[in-house]
Amino acid sequence: MVPKVVFGEGCFNQLSSILSSQAKEKAPFIFLVDDVFEGNTEFIDRIKIRFNDKLIFISAAHEPRTSQVDALVKGIKSEFTTIPAGIIGIGGGTVMDLAKATAIMLTNKGSASDYQGWDLVKQKAVYHVGIPTISGTGAEVSRTTVLTGPVRKLGINSDFTPFDQVILDPELTKGVSKNQWFFTGMDCFIHCVESLNGTFLNAFSQSYGEKAYDLCMEIFLDDTLSEEESRAKLMMASWHGGMSIAYSQVGVAHAMSYGLGYVLGTKHGVGNCIVFQHLEEFYPKDVLLFKKMTLKHKIEIPQEICKNISETQMDTMIGVALGMVPLWENALGANWKSIITHEKLKELYLKM
Ligand code: NAD
Ligand code: ZN
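Residues numbered from 1 in each chain as written. Chains lettered and ligands numbered in written order. Predicted model: local features only at pLDDT ≥ 70, side-chain atom pairs only at ≥ 80, totals over all residues. Heavy atoms only, no water.

(A) Region of interest: the overall build of the protein chain. For the protein chain, the count of helices and strands is 13 helices and nine strands. Here the C-alpha atoms of the protein chain give a radius of gyration of 20 Å, agreeing with the 20 Å that 2.2 N^0.38 yields for 352 residues. Its C-alpha atoms give the protein chain principal-axis dimensions of roughly 60 × 50 × 40 Å. Burial analysis of the protein chain (352 residues in total) assigns 57% to the buried set. (Helix = DSSP H or I, 4+ residues; strand = E, 2+ residues; numbered from the N terminus. Rg over C-alpha atoms; globule rule 2.2 N^0.38 Å. Buried < 20%, exposed > 50% of the residue type's maximum accessible area, 1.4 Å probe, protein only.)

The following block contains the structure:
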């Protein structure tokens, strides 16, 4: 679990005092910042970069890759003679995952792709801080960093992955576009649905999952919340949703969305929405609610994205989805293979 967290509008201003307790002579802090903030001098000034620190703007146009992590680590090692005092990720799931992976790979040998899987990390990571600027993924609280590697899209799941410190300032999410707010917010809603309807459910994940689910109902279906309340509540829903899956698993939508992401580069949030709208047979009540939310907020979910894909692409997509064994076990139980076949997934993908 994340051992330290601060929350509240404006708490981003505590960053420099939080970091000062970790400062080491000559060791830099490396700030990975979503490039949506490039040119926003007022925001960048609040980071209070010291002479030896380094700020790297990161594009979130593509999901993080193991090769990108390797390149970041190589760059940092060649520029600085000492190991950094900390890695600070400021952005959405993309930047936060890159920050976690970079912190791990600064102290572990080889390529980030060597550690995709469960509990493969040997050495403690460099101190790392997560600061979300968009809410929903739960990446700020999870013990994984999802990376696309040469052969698979899979997280580095380990006890060294979670942030040492998280700063939850809802004000930072103010600039997010409506569509992106919805897609990333729905990632949270779908985390709750898949956790609460899964066979891995237990009292720990249920307590967090139910809270996050109720918050999503308020945020996406209730008209009485102010924008400020809605921002704060979505930040906490993201946190609780992440905590819920930390002790259970996601399900059908995520398994199939990974396939779309790997083959078509579809981003996580929108990919989950594309899949989820077709999952009535698995999550009937919640697919109806999802459609209600989509209509209410006038969001257009991309359609027919699999229409023109080749047979090879379809096979790869199905292969990636079928490879997500724990997700299927959680969603459908030990006998999931009797329900989910190559043909069944093809039929579903062709609807998308
Ligand atoms: P993202 O980080 O990809 O960002 C989406 C868009 O929002 C980008 O264009 C970004 O520039 C923009 N943005 C971010 N903050 C903004 C702000 N304040 N104002 C304006 N624009 C802003 O989106 P995401 O949905 O948060 O993250 C998706 C990634 O998270 C995927 O790579 C996925 O694999 C990963 N993920 C990780 C976990 C985990 O537990 N580690 C869980 C779920 C998803
Ligand atoms: Zn997700």
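(B) Structural view of the domain arrangement of the protein chain. With domains assigned, the protein chain is organised as domain 1 (4-173) and domain 2 (178-349). A C-alpha centroid distance of 25 Å is found between domain 1 and domain 2. Listed by partner, the interface residues are 28 residues for domain 1 and 21 residues for domain 2. Of the roughly 2200 Å² buried between domain 1 and domain 2, counting both surfaces, carbon and sulfur atoms make up 67%. (Domains from an automatic or database assignment. Contact = heavy atoms within 4.5 Å. Buried area = accessible area lost by both parts, 1.4 Å probe.)

(C) Up close: the site of ligand 1. In the neighbourhood of ligand 1, 25 residues make up the surrounding shell, with T94, T133, S142, T184 and K267 lying closest. One of the side-chain N or O atoms of T94 is found 2.7 Å from an oxygen atom in ligand 1. In this structure, T184 approaches ligand 1 through a side-chain N or O atom, which is 2.8 Å from an oxygen atom. Protein coverage of the free-state accessible area of ligand 1, which is 870 Å², stands at 90%. Domain assignment of the residues forming the shell around ligand 1 places at least three in each of domain 1 (4-173) and domain 2 (178-349). (Near = heavy atom within 4 Å. Polar contact = N/O pair within 3.5 Å; in protein donor to acceptor, adjacent residues only side chain to side chain. Areas by Shrake-Rupley, 256 points an atom, 1.4 Å probe, with all protein chains shown as cover.)

(D) The arrangement of the pattern of salt bridges in detail. Tallied over the full model, the rule gives 14 salt bridges. In this structure, E9 engages R231 in a salt bridge whose closest nitrogen and oxygen atoms are separated by 3.6 Å. Note that E9 is positioned in the loop between β1 (4-7) and α1 (15-20) and R231 in helix α7 (residues 227-246), a separation of 222 residues in sequence. Judged by relative accessible area, R231 falls into the buried class, the value being 14%. Between K344 and E347 there is a salt bridge, with the nearest N and O atoms lying 4.0 Å from each other. Of the two residues, K344 and E347 are both situated in helix α13 (residues 342-350); the distance of three residues between them amounts to about one turn of the helix. Given a relative accessible area of 44%, E347 falls into the partly exposed group. (Salt bridge = Lys/Arg side-chain N within 4 Å of Asp/Glu carboxyl O.)

(E) Quick peek at the coordination of the zinc ion (ligand 2). Bound to the zinc ion (ligand 2) are the protein donor atoms D187 (OD), H191 (NE2), H254 (NE2) and H268 (NE2), situated 2.1 Å from the metal. Seen from the zinc ion (ligand 2), its four donor atoms lie at angles of 88 to 165 degrees, and the figure they make is irregular. The sequence pattern formed by the donor residues of the zinc ion (ligand 2) is D-x3-H-x62-H-x13-H. Of the two residues, D187 and H191 both sit in helix α5 (residues 178-196), four residues apart, roughly one turn of that helix. Since its relative accessible area comes to 3%, H191 is described here as buried. (Donors = N, O, S within 2.8 Å, 3.2 Å for Na, K, Ca; no water. Tetrahedral: all angles 85-135°; square planar, octahedral: opposite > 155°, others 65-115°.)

(F) Representation of the sheet that holds strand β8 (residues 153-157) in the model. Sheet architecture is open: three strands sit in the order β5-β8-β7, paired in mixed fashion. The open sheet is flanked by β5 (117-118) and β7 (146-148), the only strands paired with a single partner. Bridge analysis of β5 against β8 gives two bridges, and the strand direction is parallel. Of the residues in β8, the one forming a bridge with W118 is N157. (Pairing = 2+ DSSP bridges.)

(G) Examining the packing of aromatic side chains more closely. Counted according to the given criterion, the structure contains 14 aromatic pairs. Between W181 and F220 the ring centres are 4.9 Å apart and the planes differ by 40 degrees, which places this aromatic pair in the tilted class. Here the residue W181 occupies a position in helix α5, and F220 occupies one in helix α6 (residues 203-221), the gap between them amounting to 39 residues. Residue classification places F220 among the buried residues on the basis of a relative accessible area of 0%. Three or more aromatic residues joined by ring pairs make a cluster, and in this case those are W181, F182, F183, F189, Y213, F220, F276, Y283 and F290. (Phe/Tyr/Trp six-rings, centres within 6.5 Å; stacked < 30°, edge-to-face > 60°.)

(H) Examining unusual backbone geometry more closely. A positive phi is found at K26, a non-glycine position, where the angle reads about 65 degrees. Along the polypeptide, K26 turns up in the loop between α1 and β2 (29-34). Positive phi, close to 55 degrees, is recorded for D119, a residue that is not glycine. Relative to the assigned elements, D119 resides in the loop between β5 and β6 (128-132).

(I) Just the packing of α5 against α7, in detail. For the pair α5 and α7, the least separation of the axes is 9 Å and the interaxial angle reads 35 degrees. Our pair here, α5 against α7, has a crossing hand that is left-handed. Together, W181, G185, C188, H191, C192 and S195 of α5 and L234, A237, S238, G241, S244 and I245 of α7 make up the contact between the two elements. Broken down by class, the residue content of the contact of α5 with α7 amounts to six nonpolar, six polar and no charged. (Axes fitted to C-alpha atoms, helices over the stretch in contact; angles between N-to-C directions. Left-handed = near helix turned anticlockwise from the far one by under 90°. Nonpolar A, V, L, I, M, F, W, Y, C, P; charged D, E, K, R; others polar.)

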